[in-house]
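Observations on the three-dimensional arrangement
Here are the chains, one letter per residue:
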Amino acid sequence: MKFLYELVDLLNKYDEGNIEVENRIRDLVCYFLDNSEYMQIDLYRSVIFEAAQKLRMFGYIKGVNRIAQDEFEYDNLNDIKHSAIQNFYKSRVYSNNLLDKRQKEVIDRFMSLSQKRILVSAPTSFGKTFLLREIIFLNKERYKNILLMFPTIALLNENTDNINQLIQSLELGYKVVNNVYSGIDDEEKHIFILTPERALKLLADNTNLNIDFFFFDEVYKIDEDFARNEDSSVKGDGKYERKDNGNRAKAFRIVLYLLAKSVKEYYLAGPYLNLKQVKRGMHVFLEKNNITPIQVDFEPTSRIEIDAWKMNSIEYHPIFGKTKKKLYSQSGLGTKDKVKGIVKYLQENKLGQAIFYCSTPSNSMKYTKDIIEAFSDSKKKNIPYEFIEHLRKKYNVKFAKSKDSCMYWSLIQALENGIGIHHGKFPKYVQNEVLRLFNDGDFDYLFCTSTIIEVNTNAKNVVIINNSVGNTPMTAFALKNIKGRAGRYYHHSMGRVFYTDSKQRQIENENEMQLNFQIYDDKPVLKADIDNSDLEV
């Protein structure tokens with residue numbers, strides 16, 4: 001009961017703006033939510049309800065652990081107070097949804113600006129696209145043509161579905177366009193949902209198109225220093241080649257430059273950026289275009305971190321502090337044995353789904369094979385037979401002996417044993433289906449490369465196996481982004497991160513990278529930037 005008493009005491013003393021107290025309240029709430037025994041007790045449920053109301057963090061009572069106001073007997077004054085709080089934070093799009101405090105602050109700030117231009121940095125589970133729907137709805141009478149840009153086809157498809165649902169349920173009258181081949185009717189309202197490269201083609205082919213508002217997701221990709229820690233493999237013309245992330249950064253940079261100069265209102269977003277310390281080019285870009293930076297650092301979920309690189313591993317729990325955990329039966333283990341030990345630990349303690357980050361596609365398949373050999377009898381789940389058979393036939397797995405066939409055989413073998421593989425060498429539809437199966441709970445473990453940074457998952461645990469992205473050393477920014485996949489707000493209250501190498505802790509503590517916008521910098525720019533921009537002073 002001592003932690004419950006502590007929570008009650010903190011709530012009684014809570015003063016908005018004290019981030020240390022707020023983080024402690026969050027940790028206590030998340031700890032109780034993560035424990036099914038506490039969630040059966042009315043006293044704990046009522047205190048958690050009060051905490052969610054106090055913090056204005058409604059995911060704690062509207063997510064998987066739903067706690068309703070009518071569960072408790074309040075006097076009329078308290079009933080009115082709680083109802084008033086929730087009514088104030090009610091979504092304008094869907095009345096049964098509530099905005100968290102910081103989400104509402106972003107929306108209110110955007111709507112209050114005379115020049116509605118914002119750059120938001122927030123944790124991965126902040127709900128950037130949730131806020132996007134609010135902005136679209138609130139400005140539906142003002143915006144005729146809207147352009148939404150996402151860096152990957154997976155995110156493009158996911159958000160196309162979400163926007164279509166929004167338009168249909170609220171009868172907004174927009175036509176959704178997610179390719180560059182559809183005709184554009186000047187009399188219609190459009191929402192274009194494209195990658196930045198496709199957006200460049202849209203602008204080039206339709207020079208008279210007037211965009212009223214645009215959204216730019218993962219804005220950090222304009223900077224080569226940030227973009228270098230992306231999955232570098234891509235399939236083209238039947239062969240696997242190395243993707244030039246520098247060229248992608250140029251395309252992202254150019255389309256942002258062109259749109260920022262021609263569109264009146266926009267919303268830029270990215271995870272874990274320090275907007276108080278940016279390089280000169282980004283500072284000038286924000287200032288010249290009168291863009292309001294909004295920094296959100298509060299993490300809505302709590303995380304347990306485990307230094308899992310030796311026999312006597314150390315667990316850092318937000319409530320219980322530092323304790324020793326014996327993950328392995330012997331010392332001096334290689335990476336393969338560590339991965340097997342962590343899988344065994346996850347299984348024995350029923351800790352839920354996990355993502356295993358690997359540096360390369362070959363590593364993701366190698367470690368998957370190791371797990372299959374060690375746990376083949378205990379891992380099988382109900383993977384749809386039709387998908388596996390499609391892979392067999394489509395890629396001639398049974399007879400062919402090419403590298404491609406071996407790769408798909410590895411995937412099939414993994415799926416048949418209740419494990420997923422996700423990397424950039426697979427076609428997008430295969431990646432999407434594997435991710436869907438994982439999020440639907442059809443299997444528990446997903447071995448993946450940095451492609452996982454660019455999609456949404458429901459994983460509760462993240463295991464960081466390697467220290468690089470391909471052949472490139474991992475940056476602190478990339479590690480933080482991978483770590484941020486452990487525990488998804490509204491799905492989990494607590495996440496868990498396993499570090500399998502002490503170097504990962506060193507990487508995490510490196511100096512933060514500073515975002516730049518090269519076109520606006522005082523250093524020499526690339527020819528591609530010069531050709532697609534005006535001279536900036």
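All of these numbers come straight from a predicted model, not from anything done at the bench.

**Focus on the packing of helix H13 (residues 335-348) against helix H14 (residues 361-375)**
Following both chains from N to C, one finds H13 and H14 inclined at 55°, their axes separated by 10 Å at the closest point. Here H14 runs oblique to H13, going by the angle between their axes. Of the two possible hands of crossing, H13 and H14 adopt the one that is right-handed. Here Thr335, Lys336, Val339, Lys340, Val343, Lys344 and Gln347 of H13 lie close against H14, whose contacting residues are Tyr367, Asp370, Ile371, Ala374 and Phe375. The class makeup of the residues in the contact of H13 with H14 is 6 nonpolar, 2 polar and 4 charged.

**A word on the sheet that holds strand S19 (residues 494-499)**
Pairing is mixed across the open sheet formed by 8 strands, whose spatial order is S12-S11-S10-S19-S16-S13-S15-S14. If you trace the sheet from one side to the other, it starts and ends with strand S12 (321-326) and strand S14 (419-422), each paired once. Neighbour-to-neighbour, the strand axes of the sheet open up by a mean angle of 20°, direction not taken into account. In this structure, strand S10 (residues 302-307) lies alongside strand S11 (residues 312-317), joined through 3 bridges in antiparallel fashion. Looking across to S11, one finds that Asp307 is bridged to Ile314.

**Details of a nonpolar patch on the surface**
Taken together, Met1, Tyr5, Ile41 and Leu43 make up a surface patch of nonpolar side chains, about 410 Å² in accessible area. Tracing the chain through its elements places Ile41 in the loop between helix H2 (19-33) and helix H3 (42-55).

**Focus: the sheet that holds strand S5 (residues 213-216)**
In space, the 7 strands of this open sheet follow the order S3-S4-S2-S5-S8-S1-S9, with parallel pairing throughout. Where the open sheet ends on each side, the last strands, each with one partner, are strand S3 (174-177) and strand S9 (292-295). Taken pair by pair, the neighbouring strands of this sheet meet at an average axis angle of 15°, ignoring direction. Here strand S1 (residues 117-122) pairs with strand S8 (residues 265-271) via 6 bridges, running parallel. Residue pairing for S8: Leu119 is matched across the bridge by Leu268.

**Observations concerning the pairing of S19**
With 6 of 6 residues buried, S19 lies mostly within the body of the structure. Both faces of S19 are covered, namely the face carrying Met494, Arg496 and Phe498 and the face carrying Gly495, Val497 and Tyr499. As paired strands, S10 and S19 are joined by 6 bridges and run parallel to one another. Residue Ile306 lies in a different strand from S19, and its bridge partner there is Phe498. Two elements, strand S16 (residues 461-464) and S19, share 4 bridges in a ladder whose sense is parallel. Within S19, the residue paired with Val463 across the bridge is Phe498.

**Points about the pattern of salt bridges**
Scanning the entire structure with this criterion turns up 26 salt bridges. The salt bridge partner of Lys279 is Asp225, with a shortest N-O separation of 3.8 Å. Highlighted residues: Lys279 in the loop between S8 and helix H12 (280-288) and Asp225 in helix H10 (residues 224-227), separated in sequence by 54 residues. Among the ionic pairs, Arg303 bridges to Glu299, the shortest N-O distance being 3.5 Å.

**Thoughts on the side chain of Lys483**
Locating Lys483 in the fold gives a position in helix H18 (residues 476-483). Residues contacting Lys483, with those up to four places away along its chain left out, are Arg303, Glu305, Val497, Tyr499 and Glu508.

**Some details on the pairing of S11**
Taking the residues between adjacent antiparallel strands as the criterion, S10 and S11 are bridged by 4 residues. Looking at chain direction, S11 and S12 are connected through 6 bridges and run antiparallel. If you follow Glu315 over to S12, its bridge partner there is Thr323. Linking S11 to S12, which pair antiparallel, is a turn of 3 residues.

**So, unusual backbone geometry**
The backbone phi angle of Glu218 is positive, close to 55°, even though this residue is not glycine. Among the structural elements, Glu218 can be located in the loop between S5 and H10. According to the relative accessible area criterion, Glu218 is buried, its value standing at 5%.

**Some points on the packing of aromatic side chains**
For the coordinates displayed, the defined rule picks out 32 aromatic pairs. Between Phe215 and Tyr267, the aromatic rings sit 4.8 Å apart at their centres with planes inclined by 55°, giving tilted as the arrangement. Of this pair, Phe215 sits in strand S5 while Tyr267 sits in strand S8, and the two are 52 residues apart along the sequence. Accessibility expressed as a relative area gives 0% for Tyr267, which makes it buried. Summarising the aromatic geometry, the rings of Phe285 and Phe517 are spaced 4.6 Å apart at their centres and angled 55° between planes, so their arrangement reads as tilted. Of this pair, Phe285 sits in helix H12 while Phe517 is found in the loop between helix H19 (502-508) and helix H20 (527-531), placing the two residues 232 residues apart along the sequence. Taken together, the ring pairs connect Phe3, Tyr31, Phe32, Tyr38, Tyr44 and Phe320 into an aromatic cluster. Residue placement shows Lys140 over the ring face of Phe137; its charged tip is 4.1 Å from the ring centre.

About the criteria used
Residues numbered from 1 in each chain as written. Predicted model: local features only at pLDDT ≥ 70, side-chain atom pairs only at ≥ 80, totals over all residues. Heavy atoms only, no water. Axes fitted to C-alpha atoms, helices over the stretch in contact; angles between N-to-C directions. Helix = DSSP H or I, 4+ residues; strand = E, 2+ residues; numbered from the N terminus. Parallel < 35°, antiparallel > 145°, perpendicular 65-115°, else oblique. Left-handed = near helix turned anticlockwise from the far one by under 90°. Contact = heavy atoms within 4.5 Å. Nonpolar A, V, L, I, M, F, W, Y, C, P; charged D, E, K, R; others polar. Pairing = 2+ DSSP bridges. Patch = residues over 30% accessible without salt bridge, like charges linked within 9 Å, V, L, I, M, F, W, Y side chains within 5 Å. Areas by Shrake-Rupley, 256 points an atom, 1.4 Å probe, with all protein chains shown as cover. Salt bridge = Lys/Arg side-chain N within 4 Å of Asp/Glu carboxyl O. Buried < 20%, exposed > 50% of the residue type's maximum accessible area, 1.4 Å probe, protein only. Phe/Tyr/Trp six-rings, centres within 6.5 Å; stacked < 30°, edge-to-face > 60°. Lys NZ or Arg CZ within 6 Å of the ring centre and 35° of its normal.

Nothing here speaks to function; it is geometry throughout.
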